[in-house]
Amino acid sequence: QVQLVESGGGLVQPGGSLRLSCAASGFTFDDYVIGWFRQAPGKEREGVACISRSGGYTNYAPSVKGRFTISRDNAQKSVYLQMNSLKPEDTAVYYCAARRGSTMPTMLLDEYPYWGRGTQVTVSS
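Since we're looking at a predicted model, the values are computed, not measured.

Let us now look at the nonpolar core. Counting 30 residues, the largest nonpolar core has W36, L81, M83 and Y94 as the members making the most contacts within it. Contributing elements (two or more residues each) for this core: β3 (18–25), β4 (32–39), β5 (46–51), β7 (68–73), β8 (78–83), β9 (92–100) and β11 (119–123). Leave out the neighbours within four places in its chain, and M83 touches G16, S17, L18, L20, R67, F68, Y94 and V121. One finds V33, C50, A97 and Y112 within the second-largest nonpolar core, a separate group that totals five residues.

Here it is, written out as structure tokens:
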């Protein structure tokens, strides 16, 4: 079955960096678009970034554009989120999600049927 496993979260100081990974299994990875989402305590889950099947198209939430970079390695069945210049407001549980299809990826939660369990990112001094 479709399985997504996030890793790479942790505690980092403001201004620091982290690289999240999402390892996929159980499906033909390059048939799926991938999104990264996050949910902070007391807030709704929100889209962070998304990437097309080939990796040629990416999109970012305004709050992270210029600081975060999404990428994928189809041979390794993995997606990455490089997060730089982290801020306390980036603190959240980060999830990767997948959906099959050829249309451009979006950051609409309802479009993604498959989700990982998340990895905690805490930005604090």
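Within the secondary structure layout, D31 lies in the loop between β3 and β4. Overall, the relative accessible area of 23% leaves D31 in the partly exposed class. Considering only alpha carbons, one finds D31 and K43, twelve residues apart in sequence, at a separation of 31 Å. Excluding anything up to four places from it in sequence, D31 contacts R53, R99, R100 and G101.

This part covers the pairing of β8. Most of β8 sits inside the fold, with five of its six residues counted as buried. The pairing of β3 with β8 spans six bridges and is classified as antiparallel. Among the inter-strand pairings, S21 is bridged to a residue of β8, identified as Y80. In this structure, β7 lies alongside β8, joined through six bridges in antiparallel fashion. Among the inter-strand pairings, T69 is bridged to a residue of β8, identified as Q82. Taken together, β7 and the strand that follows it, β8, pair antiparallel across an intervening segment of four residues, in which K77 is found at a positive phi of about 55 degrees.

Phi is positive for K77, which is not a glycine, with a value near 55 degrees. Of note, K77 is situated in the loop between β7 and β8.

With that settled, consider the pattern of salt bridges. Tallying each qualifying case throughout the model produces six salt bridges. Taking the shortest distance from any N to any O, the salt bridge between R53 and D31 comes out at 3.9 Å. Of this pair, R53 sits in the loop between β5 and β6 (58–60) while D31 sits in the loop between β3 and β4, placing them 22 residues apart in sequence. For D90, the salt bridge goes to R67, with nearest N and O atoms at 2.7 Å. Remark: R67 occurs in the loop between β6 and β7 and D90 occurs in the loop between β8 and β9; sequence separation between them is 23 residues. We note that D90, like R67, is buried. What you see here is one network of salt bridges that share partners, running through R38, E46, R67 and D90.

What counts, and where the lines are drawn
Residues numbered from 1 in each chain as written. Predicted model: local features only at pLDDT ≥ 70, side-chain atom pairs only at ≥ 80, totals over all residues. Heavy atoms only, no water. Core = buried A, V, L, I, M, F, W, Y, C linked by side-chain atoms within 4.5 Å. Buried < 20%, exposed > 50% of the residue type's maximum accessible area, 1.4 Å probe, protein only. Helix = DSSP H or I, 4+ residues; strand = E, 2+ residues; numbered from the N terminus. Contact = heavy atoms within 4.5 Å. Pairing = 2+ DSSP bridges. Salt bridge = Lys/Arg side-chain N within 4 Å of Asp/Glu carboxyl O.

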